[in-house]
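# Report on the structure
Here is what each chain is made of, one letter per residue.
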Amino acid sequence: MEMAELLKLEDNLTAMGANELYTYATEKYPEVPNMGLGKKKLVVRRILNHERNKMNEEETAE
């Protein structure tokens, strides 16, 4: 995932409603407990940070 994709993901997540965001987080990231819990802004930050960390891990593995 690149920065442009992260920005697009952030826009999509921000446009979602609270229930839709919770469902997205729990289905997309089942390995991370409580990913979808909390205020909407917190959940969006948590998802973006998770994706950034995955992106950084991929870069260091190369």
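Above: the structure in question.
Cut-offs used in this document
- What you see as residue numbers is a count from 1 along each chain, following the sequence as written.
- Predicted model: local features are reported for residues with pLDDT of at least 70 only, side-chain atom pairs are reported and counted for 80 or more only, and whole-chain, interface and lining totals are derived from all residues.
- Only hydrogens and water are set aside; all other atoms, that is, all heavy atoms of the structure, feed into the side-chain values.
- Structural elements are reduced to axes, namely lines fitted to C-alpha atoms, with helices fitted over the stretch in contact, and the angle between N-to-C directions of any two is expressed from 0 to 180 degrees.
- Numbering of helices and strands runs from the N terminus; a helix is a DSSP stretch of H or I covering at least four residues, while a strand is a stretch of E covering at least two.
- Roughly parallel means an angle under 35 degrees; roughly antiparallel means over 145; roughly perpendicular covers 65 to 115; every other angle is labelled oblique.
- Each crossing gets its handedness from the near helix: less than a right angle anticlockwise from the far helix is left-handed, clockwise is right-handed.
- Contacts are residue-level and defined by heavy atoms, with any inter-residue pair within 4.5 Å sufficient.
- Note on residue categories: nonpolar means Ala, Val, Leu, Ile, Met, Phe, Trp, Tyr, Cys or Pro, charged means Asp, Glu, Lys or Arg, and polar means any other residue, Gly included.
- Each residue gets one of three labels from its accessible area relative to the maximum for its type: buried under 20%, exposed over 50%, partly exposed in between, using a 1.4 Å probe on protein chains only.
- Pairing of N or O atoms within 3.5 Å defines a polar contact, subject to two protein rules: one partner must be a possible hydrogen donor and the other a possible acceptor, and residues neighboring in sequence count only if both atoms are side-chain atoms.
- Among buried residues, the Ala, Val, Leu, Ile, Met, Phe, Trp, Tyr and Cys ones that are joined through side-chain atoms within 4.5 Å form a nonpolar core.

## Let's talk about the packing of helix H2 (residues 18-28) against helix H3 (residues 40-61)
- Where H2 meets H3, the axes come as close as 11 Å, and the angle between the chain directions of the two elements is 30°. Put simply, H2 runs roughly parallel to H3. Every pair of crossing elements has a handedness; the one defined by H2 and H3 is left-handed. On the side of H2, the interface is formed by Leu21, Tyr24 and Ala25, while H3 contributes Lys40, Val43, Val44 and Ile47.
- Here the residues of the contact of H2 with H3 sort into six nonpolar, no polar and one charged.

## Brief notes about the side chain of Glu51
- Assignment of secondary structure puts Glu51 in helix H3.
- The exposure class of Glu51 is buried, given its relative accessible area of 6%.
- At a separation of 2.5 Å, a polar atom in the side chain of Glu51 contacts the side chain of Tyr29.
- Excluding anything up to four places from it in sequence, Glu51 contacts Met1, Leu6, Leu9 and Tyr29.

## Observations regarding the packing of helix H1 (residues 3-15) against H3
- Running from N to C, H1 and H3 cross one another at 160°; their axes reach a closest spacing of 10 Å. With respect to H3, the element H1 is oriented roughly antiparallel. As H1 runs across H3, the sense of the crossing is right-handed. Between H1, through Met3, Leu6, Leu9, Glu10, Leu13 and Thr14, and H3, the contact on the second element is made entirely by Lys40, Val44, Arg45, Ile47, Leu48, Glu51, Arg52 and Met55.
- Of the residues assigned to the contact of H1 with H3, the class counts are eight nonpolar, one polar and five charged.

## Quick word on the nonpolar core
- Ranked by internal contacts, the top residues of the largest apolar core, which has 13 residues, are Leu13, Leu21, Ile47 and Leu48.
- If one sorts the elements of this core by residue count, H3 sits on top with five residues.
- Not counting chain neighbours up to four residues away, the residues in contact with Leu48 comprise Leu6, Leu9, Glu10 and Leu13.

Coordinates in, geometry out; function isn't part of it.
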